[in-house]
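What follows is the residue order along each chain.
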Amino acid sequence: MGMKDQFQDKSEQWQQQAKQKAQEGREQAQRGRQGQGQGQGPDRDRMRDEEAERLQREEQERLDPDYDM
C-alpha cells in the first residue's frame, strides 16, 4: 500500500467520522426540540449544521494538499 493510498484511507475515515458527528448532532437537536417545543431550535440546528459542514470543509482542505505529489 502506497503513501497516497494511506492518505486516502485516512481521509475517508475522517470524513466518515465528521458525517457521523454531524448526524449525531442533528439527532440530538431533534431530541432537544421535542423536549422543549419549537422555541429557537431551528436556528440552533442550522448553526450546528453549518458548523459541522465548516469543520468538514476545513478537514478536507487540510488533507487535499497531501495528494499533490
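Reference entry: report on the structure contained in this document. Note that the coordinates shown come from a computational prediction; the quantities given were computed from them, not determined experimentally.

### With respect to the layout of surface pockets
Phase 1: In this structure, the largest pocket encloses a volume near 160 Å³.
Phase 2: For the largest pocket, the full set of lining residues is W14, Q17, A18, K21, A22, A52, L55, Q56 and E59.
Phase 3: Of all the secondary-structure elements, those providing two or more residues to the lining of the largest pocket are α1 (3–36) and α2 (41–63).
Phase 4: Looking at which element gives the most residues to the lining of the largest pocket, the answer is α1, with 5 residues.
Phase 5: Here the lining of the largest pocket is composed, by residue class, of 5 nonpolar, 2 polar and 2 charged.

### Describing the pattern of salt bridges
Phase 1: A full pass over the atoms with the stated rule returns 5 salt bridges.
Phase 2: Notably, a salt bridge pairs R54 with E58, separated by 2.5 Å at the nearest N-O pair. Pair noted here: R54 and E58 are both in helix α2, with a separation of 4 residues, about one helical turn.
Phase 3: The exposure class assigned to R54 is partly exposed, which follows from its relative accessible area of 30%.
Phase 4: Looking at E58, the relative accessible area reads 39%, which means it is partly exposed.
Phase 5: One salt bridge in this structure joins E59 and R62, with 2.7 Å as the shortest N-O distance. Of the two residues, E59 and R62 both sit in helix α2, 3 residues apart, roughly one turn of that helix.
Phase 6: Look at R62 and you get partly exposed, because its relative accessible area is 46%.

### Brief notes about the environment of A29
Phase 1: Along the chain, A29 turns up in helix α1.
Phase 2: For the pair A29 and R46, spaced 17 residues apart in sequence, the C-alpha separation works out to 9.9 Å.
Phase 3: Every residue in contact with A29, bar those within four places of it in the chain, is listed here: D45 and R48.

Cut-offs used in this document
- Residues numbered from 1 in each chain as written.
- Predicted model: local features only at pLDDT ≥ 70, side-chain atom pairs only at ≥ 80, totals over all residues.
- Heavy atoms only, no water.
- 1 Å grid on protein atoms, 1.4 Å probe; cavity = no way out; pocket = protein on both sides within 12 Å on 5 of 7 lines; lining within 4 Å.
- Points joined across faces, edges and corners; volume = space filled by probe spheres on them.
- Helix = DSSP H or I, 4+ residues; strand = E, 2+ residues; numbered from the N terminus.
- Nonpolar A, V, L, I, M, F, W, Y, C, P; charged D, E, K, R; others polar.
- Salt bridge = Lys/Arg side-chain N within 4 Å of Asp/Glu carboxyl O.
- Buried < 20%, exposed > 50% of the residue type's maximum accessible area, 1.4 Å probe, protein only.
- Contact = heavy atoms within 4.5 Å.

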